[in-house]
Amino acid sequence: MTTASQIETTFREEHGRILAALISQFGDFTLAEDALQDALINALERWQIDGVPRNPAAWLMTAAKRRAIDRLRRVEKVDHNPTILDNLATQDETDMDDSIPDERLKLMFTCCHPALALEAQVALTLHTLGGLSTPEVARAFLVPVPTMAQRLARARKKIRNAGIPYRVPPADLLPERLNALLAVIYLIFNEGYVATTTDPASDDTLTRPELCYEAIRLCRVLVKLMPHNAESLGLLALMLLHDSRRETRLNANGELVLLDEQDRSRWDQTKIQEGIAILDQALALYSPGPYQVQAAISALHAEAPTSDDTDWKQIAALYGSLAAITPTMVVEVNRAVAMAMAWEPQIGLQMLLRLENEADNFYPYHVACADLLRRTNQREAAADAYERAIELCGNNAERAYLQRRLNEMLNP
Amino acid sequence: MKYLLLMYANESAGPQTEEERQAAGPTWHALLQETKKAGVLIDSNGVLPTADATTVRIRDGQSLITDGPFAETHEQLGGYFVLDCQDLDEAIQWAEKIPTAQYGSIEIRPLWSAGA
C-alpha cells in the first residue's frame, strides 16, 4: 500500500470516531467537521513526508482539537463560550492517550433523528460516520455535488437551530429511534444492492458495493456499541447473507441473474457462515422481529446447495410470520411467490390476485405475476405483466432481464 | 431553548359543540398545569377561528385589509404554546401531549435567538 492510500484508508476508518468525539467536546457539528477537515488536510501534507504516525487517530484528534480551538478564538463567539476554552486550556495535552472515547452511537442517533428528512439522515450518516466525502455521497445517490453539499449543510444547520440533542436517546424513546436508525442502515445497503435510480442512458451496474460495505460496517459498529440487541444483530445477519450473493447477481452482460439461476459455488461462504452465526446469536435473545425473520429466510436460501434443495415450505411459513408483523405489500408478494414455489404456481397466483387493486404501481407485484404466469404457460398474460414491470423498472440490469423474458413470451 | 408550538387543525375537526368543548376542557387544563409544574411554560392561549381573523398587507404604499386568514389552508391555526425546553426531543414530547395532535398538526418552531 502506498502512503497515499494508507492515509485514505486511515481517514475513512477513523473519521466517524474522531468526529463523534469532537462533537461531544465542542458541542457543535459544523465546528467539529471544519476542524477535522483542517486536520485531514494537514495530515495529508505531513504524513506524505513523515509517513503515517504510530497512532494516526490520536494524531488527527489532537490536530483537530487545536484547529477547533483556533477557530473558536478567531470568532467573536469566544466571548459567549469562555467555559469551553477554559476547560480545554487546563486539559493536559499529553493525556491524549490511545483511547479516543467512542461516541459514535450518539452521532448515529443524531444523524437519524426523525426531525431530519430521510434523505438528509442517509446523507449525513454516510458522510459523518462512513467518512464518505461529499462527492462520494453525491455519486452514490446520483445527485449533483452542489445538491448534496447543500443537503448536508442544511441538515447540520437544522441540528443546531432546532436543538436536536447530541445523545443516545433515553429508554422511552430508544426503541423507535433504534428502528429508525436500522431503517437508514438498511436503506443504504439496499441502495447499494439494488440501485433504483439509475439513468437509463448510462450503463450503471446493478449494485454499488461500496454502499453495501458501508452499511455492514455501520451495523457492526452499532452491534459493538449496543450489544445484545436482537434486531441489530438480525439486520447485520440479513445484510451479510444478502451480500454473500452479490457477486452472482449480475452476469457478464450486466444482466440480472435470479436466485434460481445464480452460480452457488461463487456465493461467499465466509459471509454466509458469519451471517448464520450472528442470526443464531440474535435468536438466542428471544426478542423476535422483522429483520431476524428476513435473515432466517435469507439463510434458508444460503444453505440450499442447489435451487431445487430450497426449503420453500419453511420460507413460506416465515413469510407468514413476517406478514403478521409487517403486513406490507412487498411481504405479501414475496409470500405468494414462496407459496407458489412450495406448492404450485396457481396458489401463488391466487394470492397475488387478491392484491390486484392496490398493486397496480407496485413493481415487484408485476414481476411476481409475470413469473408465475410464465411458469403456468399463460404467455399473453405473462407478456402483459412483463411489459407493466418494464414500465415500472428502475434499473438497467433488471430491465434487461425482464426484456429477455418478454421476448421469450412474444416469440415462442 | 425556546420553542413556539403552533396548533393547527381543520376547524371542522376536534370538538365542535359546547358539550364537546366542555368535555375536552380538563385535558387542556391538566396539560397547562403540567407545563407550569415542569417550569417550561412561558405562554399559551387559543385563538378565535378564521371567521374572526383579519389580514393586513401593505403593497405600493397601500394598506390592504381583508377579512379572514392570510391564506386558505386545509388546517387552520387554533392556538399556541411558548415553551422553554431542554432540546427538541422535549418540545416533541410536549407536542405529543397536546390534544390537537390527535386530529391536527403541531408545528414546532425554534424561537429566533442571537446565535441562530
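Just so we're clear, the structure is a prediction, and the values are computed from it rather than from any experiment. (Residues numbered from 1 in each chain as written. Chains lettered and ligands numbered in written order. Predicted model: local features only at pLDDT ≥ 70, side-chain atom pairs only at ≥ 80, totals over all residues. Heavy atoms only, no water.)

*Asks:* Just give me the short version of helix α6 (residues 118-129) of chain A, but keep the residues and values in it.
*Replies:* All names here are of chain A. Across its twelve residues, α6 extends 16 Å between first and last C-alpha, which sits within 8% of the 16 Å expected from 1.5 Å per residue. For α6, the tally of buried residues reaches ten of twelve residues, placing the bulk of the element in the interior. Of all the residues in α6, the buried ones are A120, Q121, V122, A123, L124, T125, L126, H127, T128 and L129. Following α6 by one or two positions, G131 adopts a phi angle in the positive range, close to 70 degrees. (Helix = DSSP H or I, 4+ residues; strand = E, 2+ residues; numbered from the N terminus. Expected span 1.5 Å × (residues − 1). Buried < 20%, exposed > 50% of the residue type's maximum accessible area, 1.4 Å probe, protein only.)

*Asks:* Help me get a handle on the interface of chain A and chain B, residues and values and all.
*Replies:* Contacts between the two partners involve eleven residues from chain A, matched on the other side by nine residues from chain B. Taking both sides of the interface into account, the surface hidden between chain A and chain B amounts to around 800 Å²; carbon and sulfur atoms contribute 51%. Of all residues in chain A, N161, A162 and G163 of chain A give up the largest surface area on contact with chain B, accounting jointly for 41% of the area buried on that side. Joining chain A to chain B, the criterion identifies two salt bridges. A salt bridge links D89 of chain B to R177 of chain A, with the nearest nitrogen and oxygen atoms 2.9 Å apart. There are six residue pairs in polar contact (both at pLDDT 80 or more) connecting chain A and chain B. (Contact = heavy atoms within 4.5 Å. Buried area = accessible area lost by both parts, 1.4 Å probe. Salt bridge = Lys/Arg side-chain N within 4 Å of Asp/Glu carboxyl O. Polar contact = N/O pair within 3.5 Å; in protein donor to acceptor, adjacent residues only side chain to side chain.)

*Asks:* Break down unusual backbone geometry for me, citing the residues and quoting the values.
*Replies:* All names here are of chain A. Unusually for a residue other than glycine, H228 sits at a positive phi of about 65 degrees. Locating H228 in the fold gives a position in the loop between α10 (209-225) and α11 (230-243). Even without a glycine there, the phi angle at Y286 is positive, about 50 degrees. Checked against the element boundaries, Y286 lands in the loop between α12 (269-283) and α13 (290-303).

*Asks:* Before we move on, could you go through the sheet that holds strand β2 (residues 41-46) of chain B and cite the residues and values that matter?
*Replies:* Residues and elements named next belong to chain B. Strands sit in the order β2-β5-β1-β6 across an open sheet of four strands; the sheet is antiparallel. Single-partner strands in this sheet number two, and they are β2 and β6 (105-110). Each neighbouring strand pair of the sheet contributes to a mean axis angle of 20 degrees, computed without reference to strand direction. Those strands touched by helix α1 (residues 18-37) are β1 (2-9), β2 and β5 (76-84), and its axis lies near 25 degrees from that of β5. (Pairing = 2+ DSSP bridges. Axes fitted to C-alpha atoms, helices over the stretch in contact; angles between N-to-C directions.)

*Asks:* Tell me about the nonpolar core, and name the residues and values.
*Replies:* By size, the foremost hydrophobic cluster in this structure holds 144 residues, and its most contacted members are I185, L222, L235, M239 and L352 of chain A. With near-sequence residues (within four places) excluded, I185 of chain A lies in contact with A215, L218, C219, L222, L235 and M239 of chain A. (Core = buried A, V, L, I, M, F, W, Y, C linked by side-chain atoms within 4.5 Å.)

*Asks:* An account of the packing of helix α9 (residues 174-193) of chain A against α11 of chain A is needed here, citing residue identities and associated values.
*Replies:* All names here are of chain A. Look at α9 against α11: their axes get within 11 Å of each other, and the N-to-C directions meet at 5 degrees. The pairing of α9 with α11 is recorded here as roughly parallel in orientation. On the side of α9, the interface is formed by L178, L182, I185, Y186, F189 and Y193, while α11 contributes E231, S232, L235, L238, M239, H242 and D243. When grouped by side-chain class, the residues that make up the contact of α9 with α11 number nine nonpolar, two polar and two charged. (Parallel < 35°, antiparallel > 145°, perpendicular 65-115°, else oblique. Nonpolar A, V, L, I, M, F, W, Y, C, P; charged D, E, K, R; others polar.)

*Asks:* Go over the confidence of the model for chain B, please, and point to the residues and values.
*Replies:* Taken as a whole, chain B shows an average pLDDT of 95; of its residues, 98% reach a score of 70 or greater. Across the whole predicted complex the pTM is 0.87, and at the interface the ipTM reaches 0.91. (pLDDT = per-residue confidence, 0-100.)

*Asks:* Before we move on, could you go through a nonpolar patch on the surface and cite the residues and values that matter?
*Replies:* Residue and element names in this part refer to chain B. Taken together, the side chains of V56, I58 and I65 present a nonpolar region at the surface, about 330 Å² in accessible area. Looking at the element boundaries, I65 is found in strand β4 (residues 62-67). When its relative accessible area of 59% is taken as the criterion, I65 is described as exposed. (Patch = residues over 30% accessible without salt bridge, like charges linked within 9 Å, V, L, I, M, F, W, Y side chains within 5 Å. Areas by Shrake-Rupley, 256 points an atom, 1.4 Å probe, with all protein chains shown as cover.)

*Asks:* Quick one: what's the story with the packing of aromatic side chains, residue by residue and with numbers?
*Replies:* Residue and element names in this part refer to chain A. Going through the model one piece at a time under the given rule, you end up with six aromatic pairs over all chains. Ring centres of F29 and Y166 lie 6.4 Å apart, and the angle between their planes is 90 degrees; on these two criteria the pair is classed as edge-to-face. Of this pair, F29 sits in helix α2 (residues 29-50) while Y166 is found in the loop between α8 (145-162) and α9, placing the two residues 137 residues apart along the sequence. Relative to Y193, the ring of F189 has its centre 5.4 Å away and its plane inclined at 20 degrees; by these criteria the two rings are stacked. Note that F189 and Y193 are positioned in helix α9 at a spacing of four residues, about one turn of the helix. Here a set of aromatic residues connected by ring pairs shows up, and it is made of Y186, F189, Y193 and Y291. (Phe/Tyr/Trp six-rings, centres within 6.5 Å; stacked < 30°, edge-to-face > 60°.)

*Asks:* Before we move on, could you go through the pattern of salt bridges and cite the residues and values that matter?
*Replies:* Under the defined criterion, the tally for this structure stands at 32 salt bridges over all chains. With a shortest N-O distance of 3.2 Å, K106 of chain A and E103 of chain A are connected by a salt bridge. For the salt bridge of E18 of chain B with R21 of chain B, the shortest nitrogen-to-oxygen distance reads 3.7 Å. Of this pair, E18 of chain B and R21 of chain B both sit in helix α1, three residues apart, roughly one helical turn. In this structure R21 of chain B comes out as partly exposed when scored by relative accessible area, which is 45%. One salt-bridge network, in which partners are shared between bridges, spans D243, R246, E247, D268 and K271 of chain A.

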